[in-house]
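# Chains, contacts and geometry: an overview
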Amino acid sequence: MNLNQLHELPQELLYIWHAHRTGILLAAGILFAIVRLGLHWRSNRIDKYVLKHEIIDKTSDDTPRRSVVAQPEITPVNTQETTQTTNATRTKEPRRVQGNKSRKQTPNQDGDVLEHLQIYIFYFTLGGSTKAYAERLAANLNGASATNQKILPVEVHDLAEVDYDDYFITPPKSAQRSTASVYLILLPSYNIDTELSNFLSHMEDTHNDFRIDTGSLSTLAGYSVFGFGDRQEWPTEAQGYCTQAVEVDKWMAKLTRRKRAFPLGTGDIRKDVDQRLQEWQSGVEGILADLADGKGLGEGVSGSGDAVESGDEDDTEEPLASDSKPRRKVRSDAGDLEDIKVPIPVDFTSLGRSAATTNAPKAMVPKSSPTYASLTKQGYTIVGSHSGVKICRWTKSALRGRGSCYKYSFYGINSHLCMEATPSLSCSNKCVFCWRHGTNPVGTTWRWEVDEPDLVFEGMKAGHYSKIKMMRGVPGVRSERFAEAMRIRHCALSLVGEPIFYPHINALLAMLHAEHISSFLVCNAQHPDQLAALGPVTQLYVSIDASNKESLRKIDRPLHRDFWERFIRCMDILREKRFTHRTVFRLTLVKGFNIDDEASGYADLVERALPGFIEVKGVTYCGTSTAAGAGLSMQNVPFYEEVSAFVLALEKELLRRGLDYGIGAEHAHSCCILLADRKRFFRGRWHTLIDYEKFFQCVESKKPFSPEDYIGEATPEWAAWGKGGFDPRDVRVDRKGKPKVVEI
């Protein structure tokens, strides 16, 4: 073959392919099919040969045991009973479980065999009835399990008092290693925002938080929920019957991966609640006995079989595929979204119920709600749907000539001319020393109706004047002070809740100033954005209840997960605002919580924010079960000598750091001492008082101004350090109204 023929060969092959390609492809297909059939036929012969030489030996415990024997002929074996062969003749196949399920003791999260079972009962209540049911249930369970040493004494917790992170992100760890936990949750139904709303938000956020396992409570041995409802008010679940219990049951199923120990129970408080609760309790007792005996929760999927009591728990999460990651569906009013591949940025630390699932805004405190009844019983006048006003005890005292509060000694504010109010009854903290009995709403975002500022302002004034008028017949009220009290000169925006939370707070402050009513606003350092946007205010307070993250968590019990980051950011904002606002740190000292060895920590915060004033006050014990449940008692109330010692230690630490603060005034009657920046000390006197007329002139000028522009006269001598600070115009009396002589 010469060179020319060699070059022509590819061209000849191409011609052959075009001429005969159909036949070539058909022949290749037939050949491939013959090979496949041959391999399949050969594989079947091997399987039949192996199956033909299998027998089943029946052991003494009736468990099938297979073996291979070398007999030429045997009776064929049923292929449904044959599930595995010898390793020498065939590959390993998926194991099929046959026979009865062997019972094993339930291991705890560390893999140990269960030796103890700890039962936790959680409840929420406003009126106290659910607490009574929870305590009775605990007593009954303790009695029923008294003979079972594996079941430990029941622990009962109020959901309004516990830290959710301690119980509802991961179960609490027991001192005894081989201990599993069971949660029993008793919940009433409310058609208002209460602590339950925050609890539900916490569970939802925990499940959706990418930093936390979606089934973070899966190490629980089990859980069950019982709801108290009123079918007369809310006939069906869709109309509100036991809705909170249904929601909690749903989220607990997700967080525990369906470890429902007993189905959701519900009872009508007007009809059959005792009977239904007894039935539910009997079922729970049976499950607890099974868990203690190591029998687990029963057959089927983890939990109580395939039953789904509170809606379809798969509606927001699809099962795992063998080769895929979990796929979530986001429920919204517009329908479900398909396969979200890019995560949507969500602030899980501050979001309440997701915006997609939030219904139309409703009243924060409806008139028909138990919150409304409780607050009005405590003396509050509810203004609109979310504001309130209440006459202060110091206002009553000043009207009777028995002394004003520390604000008169420190800043020259007469208590009988002061209105205590708030434009937001909701708060984002649950402080252990709060005297609001835990009845005010809570939340991390504003999700309610918003009343216009003029409605709030006029409602506050009307409520305050109405309560002042009620003092006309009280013995000892001075006529001249009563007449003066009918013209409000000052407004303390504190009372209850978080005033800065109100969306129109700047407009409300402007209305106060327009009528020459000075303003003191107190915030809890959990809303930095609102703090940064705050307009003119006569004096701006920030509550500083702890010097470090752990103490703040224990004392304020904030709802935001990033509470410390928010707190620190507010410190930085306060440092910037010291040029435009009179800024004040308010330190509430709680003995056993935030006094011992914390002066240095507070000095760190002062150094960071540089407030103009530091008020140090001993906690006032309210004597409620709420405080007691948080571990607070009269033993936590410091004596005035202890507050004084703390202030001296703090002053010394500040001076050591080059921060020039000194004791500007005191009010021993309310256990309060004022530290002030030395800029307020000149001409040999402290000047902590405020020139209110100058402040209003500054506001009305519409020009920038600083707190130094409205410094008032010198602090009176009787309010100086070591003089007690009691108003010399008045007479201090004892509890029986008799004059009381106090040695300073």
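Residues numbered from 1 in each chain as written. Predicted model: local features only at pLDDT ≥ 70, side-chain atom pairs only at ≥ 80, totals over all residues. Heavy atoms only, no water.

Taking an unreviewed UniProt entry as the reference, the protein chain is identified by name as tRNA 4-demethylwyosine synthase (AdoMet-dependent) belonging to Dissoconium aciculare CBS 342.82. Its UniProt record gives the protein chain the following Sequence similarities (unreviewed entry) comment, quoted word for word: "Belongs to the TYW1 family." UniProt's Catalytic activity (unreviewed entry) comment on the protein chain is quoted here verbatim: "N(1)-methylguanosine(37) in tRNA(Phe) + pyruvate + S-adenosyl-L-methionine = 4-demethylwyosine(37) in tRNA(Phe) + 5'-deoxyadenosine + L-methionine + CO2 + H2O". (UniProt positions renumbered as here; feature names shortened; annotations may be inferred.)

### Quick notes on the overall build of the protein chain
When you go through the protein chain residue by residue, the secondary structure sums to 19 helices and 19 strands. Per-residue burial over the protein chain gives 49% buried out of 744 residues. Taking the intrachain contacts of the protein chain between residues at least 6 apart in sequence as the baseline, contacts between residues at least 24 apart amount to 75%. (Helix = DSSP H or I, 4+ residues; strand = E, 2+ residues; numbered from the N terminus. Buried < 20%, exposed > 50% of the residue type's maximum accessible area, 1.4 Å probe, protein only. Contact = heavy atoms within 4.5 Å.)

### A word on the packing of aromatic side chains
In the structure shown here, the tally under the stated rule is 29 aromatic pairs. Look at Tyr120 and Phe122: their rings are 6.3 Å apart centre to centre, the planes differ by 20 degrees, and that puts the pair in the stacked class. Summarising the aromatic geometry, the rings of Phe681 and Trp686 are spaced 5.1 Å apart at their centres and angled 65 degrees between planes, so their arrangement reads as edge-to-face. Given a relative accessible area of 33%, Phe681 falls into the partly exposed group. Put simply, the rings of Tyr120, Phe122, Tyr164, Tyr167, Phe168, Tyr183 and Phe199 pair up and form one aromatic cluster. In this structure, Arg678 is placed above the aromatic ring of Phe681, and the distance from its NZ or CZ to the ring centre is 5.6 Å. (Phe/Tyr/Trp six-rings, centres within 6.5 Å; stacked < 30°, edge-to-face > 60°. Lys NZ or Arg CZ within 6 Å of the ring centre and 35° of its normal.)

### Points about the pairing of strand β15 (residues 613–618)
In regular strands, side chains alternate between the two faces of the sheet. Burial analysis of β15 places five of its six residues in the buried class, which makes it a mostly covered element. The pairing of β15 with strand β17 (residues 672–677) spans five bridges and is antiparallel. Bridged to Phe613 within β17 is Ala676. (Pairing = 2+ DSSP bridges.)

### Considerations on the sheet that holds strand β3 (residues 116–123)
Strand order across the open sheet formed by five strands is β4-β3-β5-β6-β7, with parallel pairing between neighbours. The strands lining the two open edges of the sheet, one partner per strand, are β4 (155–158) and β7 (265–268). On average, each strand axis in the sheet is inclined to that of its neighbour by 20 degrees, with strand direction left out of account. Here strand β6 (residues 222–229) runs beside β7; their pairing, made up of four bridges, is parallel. The residue bridging Gly227 from the neighbouring strand is Thr266, located in β7. (Axes fitted to C-alpha atoms, helices over the stretch in contact; angles between N-to-C directions.)

### A few points about the pairing of strand β11 (residues 490–493)
Of the two faces of β11, the one carrying His490 and Ala492 and the one carrying Cys491 and Leu493 are both buried. With four bridges connecting them, strand β10 (residues 418–422) and β11 associate as parallel partners. Within β11, the position partnered with Ala421 by the bridge is Leu493. Chirality of the crossover, the property in question, places the unit of β11, helix α12 (residues 505–514) and strand β12 (residues 518–523) among those that are right-handed. (Right-handed = clockwise from strand over helix to strand, strands pointing away.)

### So, the pattern of salt bridges
Considering all chains together, one arrives at 31 salt bridges under this definition. A salt bridge links Lys723 to Glu717; the shortest N-O distance between them is 3.8 Å. Of the residues examined, Glu717 reaches a relative accessible area of 43% and is grouped as partly exposed. (Salt bridge = Lys/Arg side-chain N within 4 Å of Asp/Glu carboxyl O.)

### Side note on the side chain of Glu161
In this structure, Glu161 sits in the loop between β4 and α3 (164–167). Exposure remark for Glu161: the relative accessible area of 14% places this residue in the buried category. Within the local environment of Glu161, its side chain forms a polar contact with the side chain of Arg557, the two groups lying 2.8 Å apart. (Polar contact = N/O pair within 3.5 Å; in protein donor to acceptor, adjacent residues only side chain to side chain.)

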